[in-house]
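Here's the letter readout for the chains.
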Amino acid sequence: MYDLVVNGVLAHLGIGDHEAQRSYLESLRPQMRALFNGYQTSKVNTSYEPEDVQICYLLRYFAPYSQLLQQVLTPIGGWSLGTLPTLTVSLLGTGPAPELCGLLKWLGTPARTPLPSVHAHLFDSGDWTFARAVSLGRVLPAVWSEELSIQSHHLDVSCAWNDQPDLEAVLSSSNLIVLQNCLNEIDTTAHTQILQNLRWLSTTMIKDALLVVIDRTRYEPVLEFIRNVKLLENEGHLACARYEENAYYDAGALHNDMPAVLLNSTLLYRQTAFENPIPAEKSGLVVRRNLDYHAVAMRKV
Ligand SMILES: C[S@@+](CC[C@H](N)C(=O)[O-])C[C@H]1O[C@@H](n2cnc3c(N)ncnc32)[C@H](O)[C@@H]1O
């Protein structure tokens, strides 16, 4: 997966010469460190608009974050998702949409015939034009060759959803709705409104549709939010299909497949057990092997 992303970025930028690739990637070290440092506070405040920030996000986070949804869906068989002829998915706060990439990989493994047509709706409050040109235009075609339509929508997930008819039309026809890794970028005072939005959503979702919330563990208010989503089962519209606190994804296999062009560039380093503390020159550039997360999957009954 890292190779698809790196090659996609370099091809999109038209950098073909090996030495030019290495030095371009190396030149991103300050931006990569800044992006990482932005996540080390409890309230993330990162602007994703600059192209180099989007590139750093793609290079570092796209591959591991494409795995989380797959890992949540696998034990529950995704309910009926894998058997539907047409699948409509809504991805909230999705940025460059690693969840979509992971979902498509998951749908195609093990090889199923026929594969569904997928209609994906990407929602975000930010502008991810550059990164999506790479992820949708260059990475997705390598993992999915079936029918796929994609629509992008602007949405601040912390605004009330129930008075937006266009949004209701999309969400209430979706078989899968995912909110992954964006709660910590939203002020905790707005979490109540987002929960209220999910409560409203639970009344409009189609039967057997899945609502999945996944987020990294280090932000305390996120756990409270995810526990509250699980409590929605007491209101009669949703049943809990999967609930995990402090789960983790082992990215060892992904790391082993990191391409030489990335490793040789010294832009990113794989985490090893032996470097503690991390040497200064690698500071902020070491990719963790274990990705900790909380997750809840709720099915409409
Ligand atoms: C860390 S990225 C996660 C992207 C993707 N879900 C993933 O797992 O890689 C956080 C995303 O949340 C989006 N975001 C932040 N605040 C938001 C809001 N109020 N409404 C919608 N999206 C928001 C950002 O633009 C960004 O795309």
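K.L.:
Could you clarify how one ought to interpret the nonpolar core in this entry?
P.N.:
Inside soluble globular proteins, nonpolar side chains tend to come together where they are buried. The biggest cluster of nonpolar side chains holds 89 residues, and the ones touching the most others in it are Val-5, Leu-58, Leu-59, Leu-91, Leu-211 and Val-212. Ranked by residue count, the leading element in this core is helix H4 (residues 51-65), at 10 residues.

K.L.:
Just to check I follow, could you spell out the environment of His-121 for this structure?
P.N.:
The topology assignment puts His-121 in strand E2 (residues 117-124). The class for His-121 is buried, based on 23 C-beta atoms found within 10 Å. Along the sequence, His-121 and Ser-149 sit 28 residues apart, while their C-alpha atoms lie 8.5 Å from each other. With sequence-adjacent residues up to four places away left out, His-121 is seen in contact with Val-89, Ser-90, Gln-151, His-153 and Val-170.

K.L.:
Could you clarify how one ought to interpret the packing of helix H6 (residues 98-107) against helix H7 (residues 129-143) in this entry?
P.N.:
Between two packed helices, the angle of one axis relative to the other and the distance separating the axes together describe the packing. Interaxial distance between H6 and H7 falls to 9 Å at its minimum, and their mutual angle equals 15 degrees. Taken as axis vectors, H6 and H7 run roughly parallel relative to one another. H6 and H7 meet at a crossing whose hand is right-handed. Along the contact surface, H6 presents Cys-101, Leu-104 and Lys-105, while H7 presents Ser-135, Val-139, Leu-140 and Val-143. For the contact of H6 with H7, the per-class residue count stands at 5 nonpolar, 1 polar and 1 charged.

K.L.:
In this structure, what is going on with the sheet that holds strand E3 (residues 148-154)? I would like to understand it.
P.N.:
Sheets are built from strands that pair by backbone hydrogen bonding, the pairs being arranged parallel or antiparallel. Pairing within the open sheet is mixed, and its 7 strands lie in the order E3-E2-E1-E4-E5-E9-E6. The sheet terminates laterally at E3 and strand E6 (238-250), the two strands that pair on one side only. In this sheet, neighbouring strand axes are inclined to one another by 15 degrees on average, regardless of whether the strands run parallel or antiparallel. Judged from the 10 bridges that link them, E6 and strand E9 (residues 290-300) form a sheet pairing that is antiparallel. Bridging from a neighbouring strand, Ala-239 pairs with Arg-299 of E9. Against the sheet, H6 contacts strand E1 (86-92), E2 and strand E4 (176-180), and its axis sits at roughly 150 degrees relative to E1.

K.L.:
Sorry if this is basic, but what is going on with the packing of helix H9 (residues 191-204) against helix H10 (residues 220-231) here?
P.N.:
Taken N-terminus to C-terminus, the directions of H9 and H10 make an angle of 25 degrees; their axes are 11 Å apart at the nearest point. One finds that H9 runs roughly parallel with respect to H10. In terms of crossing hand, the pair formed by H9 and H10 is right-handed. Between H9, through His-191, Leu-195 and Leu-198, and H10, the contact on the second element is made entirely by Pro-221, Phe-225, Asn-228 and Val-229. The class makeup of the residues in the contact of H9 with H10 is 5 nonpolar, 2 polar and no charged.

Analysis parameters
Residues numbered from 1 in each chain as written. Predicted model: local features only at pLDDT ≥ 70, side-chain atom pairs only at ≥ 80, totals over all residues. Core = buried A, V, L, I, M, F, W, Y, C linked by C-beta atoms within 7 Å. Buried ≥ 20, exposed ≤ 12 C-beta atoms within 10 Å, placed from the backbone. Helix = DSSP H or I, 4+ residues; strand = E, 2+ residues; numbered from the N terminus. Contact = placed C-beta atoms within 7 Å. Axes fitted to C-alpha atoms, helices over the stretch in contact; angles between N-to-C directions. Parallel < 35°, antiparallel > 145°, perpendicular 65-115°, else oblique. Left-handed = near helix turned anticlockwise from the far one by under 90°. Nonpolar A, V, L, I, M, F, W, Y, C, P; charged D, E, K, R; others polar. Pairing = 2+ DSSP bridges.

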